[in-house]
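# Remarks on the overall topology
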Amino acid sequence: MQKIAFSRSLVIYEDFIAAIGEAKTIFITAHVGPDGDTLGSMLGFKFALEKACPHIQRVDCVISGKMPDAYRFLPGIKEVLRMETATTLLPQYDMAISVDCGSPDRLGLARPLFEGAKISVNIDHHISNDRFGKLNIVETTAAASAEVAFDILKTMKIPMDANIATCLYTGIVTDTGGFKYSNTTAKVMETTAALISAGANPEYIFKQLYEEQPLSQVMLQADALRQTQFNPEYTIGWAVVTRELLNQHNALDEHIDGLVESIRRVDTVLIAVVFKETESGITKVSIRSDTHDIDVSAVMAQFGGGGHKMAAGCTMEMSITEAPKALLPLLEEKVRQKLLVS
Ligand code: AMP
Ligand code: MN
Ligand code: MN
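Helix and strand counts for the chain stand at twelve helices and twelve strands. Relative to the 2.2 N^0.38 estimate, which gives 20 Å for 342 residues, the radius of gyration of the chain is 20 Å and therefore close to what a compact globule would have. Counting only C-alpha atoms and orienting by the principal axes, one finds that the chain spans roughly 60 × 45 × 40 Å. Here the chain holds 342 residues, and the buried ones make up 52% of them. Sequence separation of at least 24 residues holds for 65% of the intrachain contacts in the chain that already meet a minimum separation of 6. For the chain, the exposed surface amounts to about 15,500 Å²; the carbon and sulfur share of it is 54%.

Dropping the structure here:
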């Protein structure tokens, strides 16, 4: 299975490499609400292309929205532009690359530039990816988009260096939950070993990502965890994070990261959910499954979201009080079906 997927990709890699050869201006975009994988993959590509392709005149990296502080240690992060404020972007690029985006909605404000490029390339690993690029390099067996990026750069014979390795390592360590999830394959470890040999520092990266949280984040999570609700069987746990709770702690939206995994940690929990009230008054959902038998990505797809089987999300066009009422019965049904078969 793995082998077939890989050989199919090699053909697409060749198309990508040929297209890179023609491109002088490149635009790379991450997904909205950027995480370590989308940012690490974006910057890894930027460093690699700038280093190895002298014909490329510029590589512009952009995000929509605010950059989370947790990634300020990434090399090159200061040069990442925000769609809201960038003044130097070209009206059209020879190539646009999206990394770690499962659907065009995830491109945010970068969507018109992505779609308007002479060639658009969708590099991703989400099971829900809807192949929205002209060229699609989607490896659903990869743990992270950074792993796909590593394979592409290897095929291009671009040697790793400490900057590229730090960025790609960050993508892999974040999407595998620190090498804990089922996507932590032998191939992930081989890739990781190569990244460490090239200069990625696991202790430094781990500390930056997980051990340097502001007090507002730690206390917001403690409070939200205390307020977590459960169904009578304690198989579904959900936290509701309102703007009021965020404001009480002087916390930012990004400070919710990690809360949903804390809820999943409860031994009886099969599905963990965090509902977050957005600034515009609708609801962002982060969901995790504790078992391979419950595909939460499929549930999220019903609300226009997606992700992976055991980690997914969506944005519900509903208030923070309505969203749990709409979603929780569907989750109860998923759990009921799972318990029926087991
Ligand atoms: P999160 O809960 O935000 O950490 O996201 C978990 C997984 O679900 C990640 O792989 C995301 O890319 C994916 N995901 C989160 N939100 C959405 C969304 N609105 N649409 C599609 N996929 C999403
Ligand atoms: Mn991501
Ligand atoms: Mn990813």
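Following the structure, the description resumes.
Taken together, the protein donors to the manganese ion (ligand 2) comprise His-31 (NE2), Asp-35 (OD) and Asp-100 (OD), at separations of 2.0 to 2.3 Å. In primary-sequence terms, the residues that donate to the manganese ion (ligand 2) follow H-x3-D-x64-D.

Here the focus is the site of ligand 1. The local shell around ligand 1 holds 14 residues, among which His-126, Lys-284, Ser-286, Arg-288 and Ala-312 are the closest. Arg-288 has a polar side-chain atom sitting 2.9 Å from an oxygen atom of ligand 1. Between ligand 1 and His-308 there is a distance of 3.3 Å, counted from an oxygen atom to a side-chain nitrogen or oxygen. Relative to its unbound accessible surface of 480 Å², ligand 1 loses 81% to contact with the protein. Contributions of two or more residues to the shell around ligand 1 are made by strand 10 (283-289), strand 11 (306-307) and strand 12 (311-316). With five residues, the top contributor of residues to the shell around ligand 1 is strand 12. Here the shell around ligand 1 is composed, by residue class, of three nonpolar, eight polar and three charged.

A few words now on the packing of aromatic side chains. Considering all chains together, one arrives at seven aromatic pairs under this definition. For the ring pair Tyr-169 and Phe-179, a centre distance of 5.9 Å and an interplane angle of 65 degrees mean the geometry is edge-to-face. One end of the pair, Tyr-169, is in helix 5 (residues 162-175); the other, Phe-179, is in the loop between helix 5 and helix 6 (186-197), with ten residues separating them in the sequence. Overall, Phe-179 belongs to the partly exposed group, its relative accessible area being 22%. Considering the side-chain rings of Phe-230 and Tyr-234, the 4.9 Å spacing of their centres and the 20 degrees angle between planes classify their relative orientation as stacked. Given the relative accessible area of 43%, Tyr-234 is considered partly exposed.

On to the domain arrangement of the chain. Domain boundaries in the chain define domain 1 (2-210) and domain 2 (215-341). A C-alpha centroid distance of 27 Å is found between domain 1 and domain 2. Taken residue by residue, the interface counts twelve residues in domain 1 and twelve residues in domain 2. Interface of domain 1 and domain 2: buried area, both sides summed, is about 780 Å²; carbon and sulfur atoms make up 49% of it. Here domain 1 is connected to domain 2 by one salt bridge.

Conventions adopted
- Residues numbered from 1 in each chain as written.
- Chains lettered and ligands numbered in written order.
- Predicted model: local features only at pLDDT ≥ 70, side-chain atom pairs only at ≥ 80, totals over all residues.
- Heavy atoms only, no water.
- Helix = DSSP H or I, 4+ residues; strand = E, 2+ residues; numbered from the N terminus.
- Rg over C-alpha atoms; globule rule 2.2 N^0.38 Å.
- Buried < 20%, exposed > 50% of the residue type's maximum accessible area, 1.4 Å probe, protein only.
- Contact = heavy atoms within 4.5 Å.
- Areas by Shrake-Rupley, 256 points an atom, 1.4 Å probe, with all protein chains shown as cover.
- Donors = N, O, S within 2.8 Å, 3.2 Å for Na, K, Ca; no water.
- Near = heavy atom within 4 Å.
- Polar contact = N/O pair within 3.5 Å; in protein donor to acceptor, adjacent residues only side chain to side chain.
- Nonpolar A, V, L, I, M, F, W, Y, C, P; charged D, E, K, R; others polar.
- Phe/Tyr/Trp six-rings, centres within 6.5 Å; stacked < 30°, edge-to-face > 60°.
- Domains from an automatic or database assignment.
- Buried area = accessible area lost by both parts, 1.4 Å probe.
- Salt bridge = Lys/Arg side-chain N within 4 Å of Asp/Glu carboxyl O.

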